[in-house]
Protein chains: 2
Amino acid sequence: MTVLEQYIHSYFGVTLDDISKISSYFQLTTLNKGDYFLKAGQICNKLSFHKSGLIRVYVATEKKEVTQWISTQGYFVTDLAGIMFNKPTKYNIQALTDCELYTIKTDDYNRIGNFIPKWHQLEKLFIARCFTFLEDRIFMLLSMTAAERYKLFFENQKELFNQVPLQYIASMLGMTPETLSRLRKKKLE
Amino acid sequence: MTVLEQYIHSYFGVTLDDISKISSYFQLTTLNKGDYFLKAGQICNKLSFHKSGLIRVYVATEKKEVTQWISTQGYFVTDLAGIMFNKPTKYNIQALTDCELYTIKTDDYNRIGNFIPKWHQLEKLFIARCFTFLEDRIFMLLSMTAAERYKLFFENQKELFNQVPLQYIASMLGMTPETLSRLRKKKLE
DNA sequence: TTTTACTCTTGATAAAAATCAAGAAGTTAT
DNA sequence: ATAACTTCTTGATTTTTATCAAGAGTAAAA
């Protein structure tokens, strides 16, 4: 059983038969460090389950790059506006390290529903879960200080601090690299 | 045609017949000013289309109340974690004015899919739209100063400033009421 | 290896935003 | 109408966070 199959199994109540059907639509693909999964302006036409490596999602504004998210093993990588509404993305999605992904094209993705009746419902639940995740993130940004955001993130994602340039983590937490650096120092003392 | 039917019509490609079927599941309900649609700790078991009035969604922390969202006509009001995953909510949802809502119970909501095959797909698209909306909000909170957030919000929601206590708008934009007050003053000069 | 990029840290300073406190205006209740 | 609440504003001050600048450490490239 692949990690993708394990994921589907643990998050959705689907029969083993359906799991292997679903996962058979996905192809193992790779990205080399620095490669772009998607560039701003493109219309995303694929969905990937993140098997290994690190990926950064960011927006390039005139003034700065804003890291919206850093993906690690176990997340899905895509641009929802692209695969659902065929809209060009504002995000750049780039591999920070060599990566392995299980990837499906939007066309195939949209056909799964024909073979697996429960599919749309599973999709719905999955997106709903993502929605509540973002809700929590907004609450964090609205209500917490930089120090509190750092603490919370650090507790949940310790590993990332050794693997990802800290400036990206800082941006994703809504602070400058200098501020993050000082918070880290203060924590040690 | 009710505003709910108009909404369904404009956002989803559904036949007029299906529209009236869908909307027939919704009942017109009212909230009086101050009434709670939902209180923290409860499991949300309804979904409402907001017809008139104003509703505030907030989290009560030990230190302060954090306004997550202010709903006006045309939005849906619910707690997704409740209706999708049967989880208790952390939100308080309270009427700021007398309100009219088209409301459906979760049980009925979950039955619509039996009568309208496309339903799950519509739901999925609707939630996906909400997801991208939150993505944009996170980007705003990560990348903009208080002044920029105020400006952007003001451009899109001018009306709200006359109808809602400004302290709630301030909280929703991630700033204190004093800061919002000063930004407003500066804008006039 | 040497050079060239990055990345992170640190200090000094400036800017932004929060806090505290008081008072003015407007609402609601009695 | 008066009193009791709220809400908003304003000023003074403090705290938080960003900006600017320089240097140290690391990794990658020539």
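Quick look at the structure, then. Owing to the predicted nature of the structure, the values given are computational and were not obtained by experimental measurement.

Concerning the relation of the copies chain B and chain A
- Of the transformation placing chain B onto chain A, the axial shift is 0.0 Å and the rotation is 180°, giving an RMSD of 0.0 Å. Both copies of the chain, as the preceding transformation shows, are related through a two-fold rotation axis. Among all C-alpha atoms of chain B, that of Lys124 of chain B lies closest to the rotation axis, at 2.3 Å.

So, the protein's contact with DNA strand D
- Taken together, 16 residues lie around DNA strand D, and Ala146 and Thr179 of chain A together with Leu166, Arg182 and Lys185 of chain B are the ones closest in.
- In this structure, Glu178 of chain A approaches DNA strand D through a side-chain N or O atom, which is 3.2 Å from a base nitrogen.
- Breaking the surface near DNA strand D down by element, the ones donating at least two residues are helix H9 (177-188) of chain A together with helix H8 (166-172) and helix H9 (177-188) of chain B.
- Per-element tally for the surface near DNA strand D: the top contributor is H9 of chain B, with five residues.
- The class makeup of the residues in the surface near DNA strand D is four nonpolar, six polar and six charged.

What about the protein's contact with DNA strand C?
- Within the structure, DNA strand C sits among 16 residues, and Leu166, Gln167 and Arg182 of chain A together with Ala146 and Thr179 of chain B are positioned closest to it.
- Each atom of DNA strand C within 4 Å of the protein was assigned to sugar, phosphate or base; sugar and phosphate come to 67%.
- Within the backbone of Leu166 of chain A, an N or O atom sits 2.5 Å from a phosphate oxygen of DNA strand C.
- Side-chain polar atom of Gln167 of chain A to a phosphate oxygen of DNA strand C: 2.9 Å apart, as the coordinates give it.
- When contributions to the surface near DNA strand C are tallied by element, the ones reaching two or more residues are helix H8 (166-172) and H9 of chain A together with H9 of chain B.

Section: the interface of chain B and chain A
- Contact with chain B, which involves 38 residues of that partner, is made by 38 residues of chain A.
- Summing both partners gives a buried area of about 3500 Å² for chain B against chain A, and 73% of it is carried by carbon and sulfur.
- Between chain B and chain A we count six salt bridges in total.
- Here Asp136 of chain A ties to Lys90 of chain B by a salt bridge, and the two come within 2.7 Å at their closest N and O atoms.
- Inspection of the region where chain B meets chain A yields 10 residue pairs in polar contact (both at pLDDT 80 or more).

Focus: helix H2 (residues 16-24) of chain A
All names here are of chain A.
- All of the buried residues in H2 are Asp18, Ile19, Ile22 and Ser23. The arc that holds the buried residues of H2, viewed along the axis, is 130°, so those residues lie on one side.
- Tucked into the core, H2 has its buried residues touching helix H1 (3-11), helix H4 (106-115) and helix H5 (119-143).

Some details on the nonpolar core
- Judged by nonpolar contacts, the single largest core of 122 residues is most densely connected at Ile169 of chain A together with Ile169 of chain B.
- Discounting residues that sit within four places of it in the chain, Ile169 of chain A has contacts with Ile70, Phe153, Leu160, Phe161, Val164 and Leu180 of chain A.

Looking at the side chain of Arg56 of chain A
Residues and elements named next belong to chain A.
- Note on placement: Arg56 falls in strand E4 (residues 55-60).
- At 3.0 Å, the side chain of Arg56 forms a polar contact with the side chain of Thr67.
- Every residue in contact with Arg56, bar those within four places of it in the chain, is listed here: Glu65, Thr67, Trp69, Asn92, Ile93, Gln94, Leu96 and Tyr168.

Side note on the sheet that holds strand E2 (residues 36-38) of chain A
- Spatially, E2-E7-E4-E5 (chain A) is the arrangement adopted by the four strands of the open sheet, whose pairing is antiparallel. Of all the strands in the sheet, the pair left with one neighbour each is E2 and strand E5 (65-71) of chain A. When strand polarity is set aside, the average angle formed by the axes of neighbouring strands in this sheet is 30°.
- Bridge analysis of E2 of chain A against strand E7 (residues 92-95) of chain A gives two bridges, and the strand direction is antiparallel. Across the sheet, Tyr36 of chain A pairs through a bridge with Gln94 of chain A, a residue of E7 of chain A.
- Relative to the sheet, helix H5 (residues 119-143) of chain B contacts E4 and E5 of chain A, its axis offset from that of E5 of chain A by approximately 125°.

Comments concerning the side chain of Ser71 of chain A
All names here are of chain A.
- One can find Ser71 in strand E5.
- Engagement of the side chain of Ser71 in a polar contact is seen with the side chain of His50, the distance being 2.7 Å.
- Apart from the residues lying within four places of it in its own chain, the contact partners of Ser71 are His50, Gly53, Leu54, Ile55 and Val77.

Considering the packing of helix H4 (residues 106-115) of chain B against H5 of chain B
All names here are of chain B.
- Packing of H4 against H5 leaves a shortest axis separation of 7 Å and a crossing angle of 125°. One element, H4, and the other, H5, form an angle in the oblique class. Facing H4, whose interface residues are Tyr109, Ile112 and Gly113, H5 presents Trp119, His120 and Glu123.
- Looking at the contact of H4 with H5 residue by residue, the classes come out as three nonpolar, two polar and one charged.

Procedures and definitions
Residues numbered from 1 in each chain as written. Chains lettered and ligands numbered in written order. Predicted model: local features only at pLDDT ≥ 70, side-chain atom pairs only at ≥ 80, totals over all residues. Heavy atoms only, no water. Least-squares fit on C-alpha atoms with pLDDT ≥ 70 in both. Near = heavy atom within 4 Å. Polar contact = N/O pair within 3.5 Å; in protein donor to acceptor, adjacent residues only side chain to side chain. Helix = DSSP H or I, 4+ residues; strand = E, 2+ residues; numbered from the N terminus. Nonpolar A, V, L, I, M, F, W, Y, C, P; charged D, E, K, R; others polar. Contact = heavy atoms within 4.5 Å. Buried area = accessible area lost by both parts, 1.4 Å probe. Salt bridge = Lys/Arg side-chain N within 4 Å of Asp/Glu carboxyl O. Buried < 20%, exposed > 50% of the residue type's maximum accessible area, 1.4 Å probe, protein only. Arc of directions from axis to C-beta. Core = buried A, V, L, I, M, F, W, Y, C linked by side-chain atoms within 4.5 Å. Pairing = 2+ DSSP bridges. Axes fitted to C-alpha atoms, helices over the stretch in contact; angles between N-to-C directions. Parallel < 35°, antiparallel > 145°, perpendicular 65-115°, else oblique.

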